Amino acid sequence: MGAIFRRELNSFFKSSIAYIFLSVFFVCSGYFFYGGPLRAATSDMSSMFSALFMVILILIPVLTMKLLSEEKKQKTDQGLLTAPISLWSIVLGKYFAALTLYTMGISIIFVYALILSYFGAVLWTTVIANFLALFLLGAAFIAVGLFVSSLTENQMSSAVASFLALMLLYMIDSIASLFQTEAIKNVLVSLSFYTRYMEFTMGMFNLSSVIFYISAAFLFNFFSVRVLEKRRWS
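Thresholds applied
- Residues numbered from 1 in each chain as written.
- Predicted model: local features only at pLDDT ≥ 70, side-chain atom pairs only at ≥ 80, totals over all residues.
- Heavy atoms only, no water.
- Helix = DSSP H or I, 4+ residues; strand = E, 2+ residues; numbered from the N terminus.
- Rg over C-alpha atoms; globule rule 2.2 N^0.38 Å.
- Buried < 20%, exposed > 50% of the residue type's maximum accessible area, 1.4 Å probe, protein only.
- Areas by Shrake-Rupley, 256 points an atom, 1.4 Å probe, with all protein chains shown as cover.
- Lys, Arg positive; Asp, Glu negative; His and termini not counted.
- Charge placed at Lys NZ, Arg CZ, Asp CG, Glu CD.
- Core = buried A, V, L, I, M, F, W, Y, C linked by side-chain atoms within 4.5 Å.
- Contact = heavy atoms within 4.5 Å.
- Salt bridge = Lys/Arg side-chain N within 4 Å of Asp/Glu carboxyl O.
- Polar contact = N/O pair within 3.5 Å; in protein donor to acceptor, adjacent residues only side chain to side chain.
- Axes fitted to C-alpha atoms, helices over the stretch in contact; angles between N-to-C directions.
- Parallel < 35°, antiparallel > 145°, perpendicular 65-115°, else oblique.
- Left-handed = near helix turned anticlockwise from the far one by under 90°.
- Phe/Tyr/Trp six-rings, centres within 6.5 Å; stacked < 30°, edge-to-face > 60°.
- Lys NZ or Arg CZ within 6 Å of the ring centre and 35° of its normal.
- pLDDT = per-residue confidence, 0-100.

A.B. asks: Could you give me a rundown of the overall build of the protein, with the residues and numbers involved?
C.D. replies: Counting secondary structure elements, the protein contains 13 helices and 0 strands. The helix and strand sequence of the protein, counted from the amino end, reads α-α-α-α-α-α-α-α-α-α-α-α-α. For 234 residues, the compact-globule estimate of 2.2 N^0.38 gives 17 Å, and the protein sits close to it at 19 Å. Its C-alpha atoms give the protein principal-axis dimensions of about 60 × 50 × 30 Å. When the 234 residues of the protein are sorted by exposure, 45% land in the buried category. Surface accessibility of the protein: about 11,400 Å² in total, with carbon and sulfur atoms responsible for 70%. For the protein, the centre of its 15 positive side-chain charges and the centre of its 10 negative side-chain charges are spaced 8 Å apart.

Written out as structure tokens, the structure reads:
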């Protein structure tokens, strides 16, 4: 897994993906930081974290679009599938490479927090809780994108399909409102990525939400392993 992780992380920086992801995220987060807490001279960054949900939703497909689809397109997936390495090592190596790059990007919020400390006391526990929410959201979304990438050999198709899948997850609350049956509505709301994320931005730490995001990441990584397993024996 270590070799795949290093190779994938290096490939992000050898291509333009790492620079596009980091640049766009820094620009967008900087814009919301300036227009929100910095302009208001407040240490409350909740408005910025709320806005970053859509930024992450748009950028994650760019980050994950080539993870497995490129291997399939270049026919290098056969070498991986026949190598003496477990499928979990392949999937997790690529997954953690993307997650590492993602973590590099979202770590900029600590710089923003330091800037705000000049205007007043920063509640670092709240900042860390929001960082955790952003990290867990990205961890789940990256797993979804990786799974979609395992289904196609075209990077653009992977990016578009990932975006649509993440938009569907984002719209679960709206879909739930269409149902009159309270039981169905409650089930759909409990699966809402957006509602759980917003709870963190409002200062509500919910252990069940942490478990939800971790479970979602594990589930979609498992789906990716199953896709590779089917391809290995086909």
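A.B. asks: Could you give an account of the nonpolar core, naming the residues involved and the relevant values?
C.D. replies: Within the largest apolar cluster, 73 residues are counted, with the highest numbers of intra-cluster contacts made by Phe12, Leu63, Tyr102, Phe141 and Tyr197. Here the element with the most residues in this core is helix α8 (residues 124-149); it accounts for 14 residues. If we skip the residues at most four places from it in the chain, Leu63 touches Phe12, Ile17, Phe21, Ala98, Leu101, Tyr102 and Ile142.

A.B. asks: Could you give me a rundown of the pattern of salt bridges, with the residues and numbers involved?
C.D. replies: Pairing of side chains with opposite charge becomes possible as their charged atoms draw close. Tallied over the entire structure, the rule returns 3 salt bridges. Here Lys94 and Glu8 are joined by a salt bridge, their closest N and O atoms 2.7 Å apart. With Lys94 in helix α6 (residues 87-106) and Glu8 in helix α1 (residues 2-14), this residue pair connects regions lying 86 residues apart in the sequence. Its relative accessible area of 3% is what places Glu8 among the buried residues. Taken together, the shared-partner salt bridges connect Glu8, Lys66 and Lys94 into one network.

A.B. asks: Tell me about the side chain of Asn130, and please be specific about residues and values.
C.D. replies: Along the polypeptide, Asn130 turns up in helix α8. For Asn130, the side chain forms a polar contact with the main-chain oxygen of Thr126, separated by 2.8 Å. With residues near it in sequence (within four places) discarded, Asn130 still touches Phe49, Phe200 and Thr201.

A.B. asks: Give me the lowdown on the packing of α8 against helix α9 (residues 155-170), citing residues and values where you can.
C.D. replies: The description of two helices packed together rests on the angle between their axes and the distance between the axes. Closest axis-to-axis distance for the α8/α9 pair is 9 Å, and the angle between their directions is 135°. It follows that α8 is oblique to α9 by the angle criterion. Classified by chirality, the crossing of α9 by α8 is right-handed. Residue-level inspection shows Phe141, Val144, Gly145, Val148 and Ser149 of α8 in contact with α9, the latter providing Ser158, Ala161, Ser162, Ala165, Leu166 and Leu169.

A.B. asks: Kindly report on the packing of aromatic side chains, identifying the contributing residues and their values.
C.D. replies: Scanning the entire structure with this criterion turns up 22 aromatic pairs. Summarising the aromatic geometry, the rings of Phe193 and Phe212 are spaced 5.0 Å apart at their centres and angled 70° between planes, so their arrangement reads as edge-to-face. Of the two residues, Phe193 sits in helix α12 (residues 193-201) while Phe212 sits in helix α13 (residues 207-233), which places them 19 residues apart along the sequence. Here Phe193 falls in the buried class, since its relative accessible area comes to 4%. Every member of this aromatic cluster is reached through a ring pair, and the members are Phe53, Phe141, Tyr170, Phe193, Tyr194, Tyr197, Phe212 and Tyr213. Residue placement shows Lys66 over the ring face of Phe12; its charged tip is 5.2 Å from the ring centre.

A.B. asks: Any chance you could break down the environment of Leu59 for me, citing the residues and the numbers?
C.D. replies: Along the polypeptide, Leu59 turns up in helix α3 (residues 46-64). Judged by its relative accessible area of 6%, Leu59 falls in the buried class. Once the C-alpha coordinates of Leu59 and Asn10 are considered, the two residues, 49 residues apart in sequence, prove to be 19 Å apart. When near neighbours in sequence (up to four residues on either side) are disregarded, Leu59 contacts Phe21, Val24 and Phe25.

A.B. asks: I'd like to hear about the confidence of the model for the protein, residue by residue, with values.
C.D. replies: Across the protein, the average pLDDT comes to 86, with 96% of residues at or above 70. Across the protein, element-level confidence peaks in α6 with a mean pLDDT of 93 and bottoms out in helix α5 (residues 77-82) with 66.

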